[in-house]
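# Tertiary structure, described
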Amino acid sequence: MDDLGGNIVKRLRMVIALAAIPLFLAGCGDLGSSSMSSGSKGSTSGTQLTGQSTDSDYEGVIQSGHYRVSKSRGVTNTQDSGNTYNLKSFENGMLNVSKKVFSTKNYVFQEGQYLSSDTVQDWLDRKSKTNATGLNPVDNGSKSSTKRNPIYIQALEEQDYMTQKNNKLSLAGVTVGIAVNSVDYYKKEQYGATYQTKISKAAGEAYAKKTANTVLKRMRQKSALKNVPIVIAIYRQASNDSLVGGNFLAYSNNKAGTTSVSKWTALAQKNYVFPLESGQSSPNSNDASAFSNFKSQVENFFPNLSGVTAQAQYDGKTLQGMHINITTQFYSQTEIISFTQYLQTAAQKYLPSGVPIDITVSSTDGIQSFLSRKASEKTFSSHVFNSY
């Protein structure tokens, strides 16, 4: 890819990434309505729960007045440049897989507390004489993209699911996500050019499933994890130049005490970027046409736009939702207000119904406005970011 193309991709990726900010804020629970597992209300000692913003979200754990963070947060295999969307879709996708087993009504979410950073880092490294626990294959010394042993496993994450009884939380299940590369990026020499080893879906999935058995056995060696269900989910990373994250391929619900995976459930999740590239097709042509009509209307309404793009996720041929990003070149506050009002009307008229959709309007100065609609709603709510 030439410099111009690379810059365009980087700018688009930055724009799309902005959409995650308001979504994250929308998911924060109301502490005022949180339930308590111990300690008095308003106290910074003991354990609290964050509360739920919606019934489809998990409550989180607050320990001694602080959110309980993962013990292996942010540990991944180092890749050249990387795709920030992979991390977000990996973590969000793990939550969605977990909901198939651990309902948000009966379980509380806790960041992983049983796999430390050092442990996860050792597991993600190559197997070697100095690291017998490495999950990635031994370095065979080859620099050829077709002959070298690639790095298959890019990330590994733990999520814990708790139940509450008599004002106490206890571990009731664990989900482990295994992220496998679709492309392994490497250098033949330090500071040299970056090369690629492509990993087919079949090869990556097979390696991850083999790895899952090893991970399950190791986790059962921890006393706290011997007799709880452990869900293992396999995620395929998108390439570094992708404008969307990867997708989950399969998951396995392993009953308490089991040390090997006996059954996998396939997942048909896939992500797309609208407008589609030349020659590409989506699972439902009506969705692509709907977005195209919306895009045309928006661009005709206001000419000072740098781009209108969307991330769309499908389960098989069924649209699950859209994140739409609009980049503007204007700065007038009255223009932003009028533009946002028009978007409410155009979005309701042209975009697919019955699925959650959010729209982020931004410029180089940051986010200017935000619109959203839940799957059960007909109209879009909006917010324009003002300043005093």
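Residues numbered from 1 in each chain as written. Predicted model: local features only at pLDDT ≥ 70, side-chain atom pairs only at ≥ 80, totals over all residues. Heavy atoms only, no water.

The protein carries the name CamS family sex pheromone protein in an unreviewed UniProt entry, which gives Levilactobacillus namurensis as its organism.

What follows covers the overall build of the protein. Looking only at helices and strands, the protein has seven helices and 17 strands in total. Counting every position in the protein, which comprises 388 residues, the buried fraction comes to 46%. (Helix = DSSP H or I, 4+ residues; strand = E, 2+ residues; numbered from the N terminus. Buried < 20%, exposed > 50% of the residue type's maximum accessible area, 1.4 Å probe, protein only.)

Here the structure, examined in full by the defined rule, presents 15 aromatic pairs. A ring pair is formed by Phe-274 and Phe-291, whose centres lie 5.8 Å apart and whose planes are at 35°; its orientation type is tilted. In this pair, Phe-274 sits in strand β12 (residues 269–274) while Phe-291 sits in helix α6 (residues 285–301), placing the two residues 17 residues apart along the sequence. Overall, the relative accessible area of 1% leaves Phe-274 in the buried class. On the basis of relative accessible area, Phe-291 is assigned to the buried category, the value being 1%. Ring pairing ties together the aromatic residues Tyr-58, Phe-102, Tyr-107, Phe-109 and Tyr-161, which thus form one cluster. Above the face of the Tyr-195 ring, Lys-188 is positioned so that its terminal group lies 4.2 Å from the ring centre. Here the guanidinium or amino end of Arg-218 rests over the ring plane of Trp-123, the centre of that ring lying 5.1 Å away. (Phe/Tyr/Trp six-rings, centres within 6.5 Å; stacked < 30°, edge-to-face > 60°. Lys NZ or Arg CZ within 6 Å of the ring centre and 35° of its normal.)

Another aspect to go through is the pattern of salt bridges. What the rule picks out here adds up to four salt bridges. The closest approach of N and O atoms between Glu-205 and Lys-209, which form a salt bridge, is 3.2 Å. Of this pair, Glu-205 and Lys-209 both sit in helix α5 (residues 201–220), four residues apart, which is roughly one turn of the helix. Via salt bridges that share partners, Lys-201, Glu-205 and Lys-209 belong to a single interconnected network. (Salt bridge = Lys/Arg side-chain N within 4 Å of Asp/Glu carboxyl O.)

Residue position: Asn-240 is located in the loop between β9 (230–236) and β10 (247–254). With a relative accessible area of 10%, Asn-240 lands in the buried category. Each C-alpha atom of the pair Asn-240 and Ser-182 lies 9.7 Å from the other, and the pair is 58 residues apart in sequence.

Time to look at the environment of Ser-89. Within the element layout of this structure, Ser-89 appears in helix α3 (residues 84–99). Through-space distance from the C-alpha of Ser-89 to that of Gln-237 is 9.3 Å; in sequence the pair is 148 residues apart. Beyond its immediate chain neighbours, meaning those up to four positions away, Ser-89 contacts Tyr-235, Gly-245, Gly-246 and Phe-248. (Contact = heavy atoms within 4.5 Å.)

What follows concerns the sheet that holds strand β17 (residues 381–384). Pairing in this open sheet of six strands is mixed, and the strands run β12-β13-β14-β15-β16-β17 from one edge to the other. Among the strands making up the open sheet, the edge pair consists of β12 and β17. In this sheet, adjacent strand axes meet at a mean angle of 15° when their direction is disregarded. Along the sheet, α6 contacts β12, β13 (305–315), β14 (318–328) and β15 (357–363); its crossing angle with β13, the most-contacted strand, is approximately 160°. (Pairing = 2+ DSSP bridges. Axes fitted to C-alpha atoms, helices over the stretch in contact; angles between N-to-C directions.)

Turning next to the nonpolar core. One finds Leu-156, Val-174, Ile-178, Val-215, Met-219 and Ile-230 to be the most contacted residues of the largest nonpolar core, which totals 32 residues. Elements that contribute at least two residues to this core include exactly α4 (117–124), β5 (153–165), β6 (168–180), α5 and β9. By residue number, the principal contributor to this core is α5, which donates six residues. (Core = buried A, V, L, I, M, F, W, Y, C linked by side-chain atoms within 4.5 Å.)

One open sheet holds the six strands; their spatial order is β4-β5-β6-β9-β10-β11, and the pairing between them is mixed. Either end of the sheet is taken by a strand with one partner, and the two such strands are β4 (108–111) and β11 (265–266). Inspection of the sheet shows β10 paired to β11 by two bridges, in the antiparallel sense. For Ala-250, the partnering residue across the bridge sits in β11 and is Ala-266.

Let us look at unusual backbone geometry. Cis peptide bonds are those with omega within 30 degrees of zero, and the linkage from Phe-274 to Pro-275 qualifies with 0°. With a phi close to 50°, Ser-64 is a non-glycine residue in the positive phi region. Classification of Ser-64 as partly exposed rests on a relative accessible area of 39%. With a phi close to 65°, Tyr-191 is a non-glycine residue in the positive phi region. Tracing the chain through its elements places Tyr-191 in the loop between β7 (183–187) and β8 (194–198).

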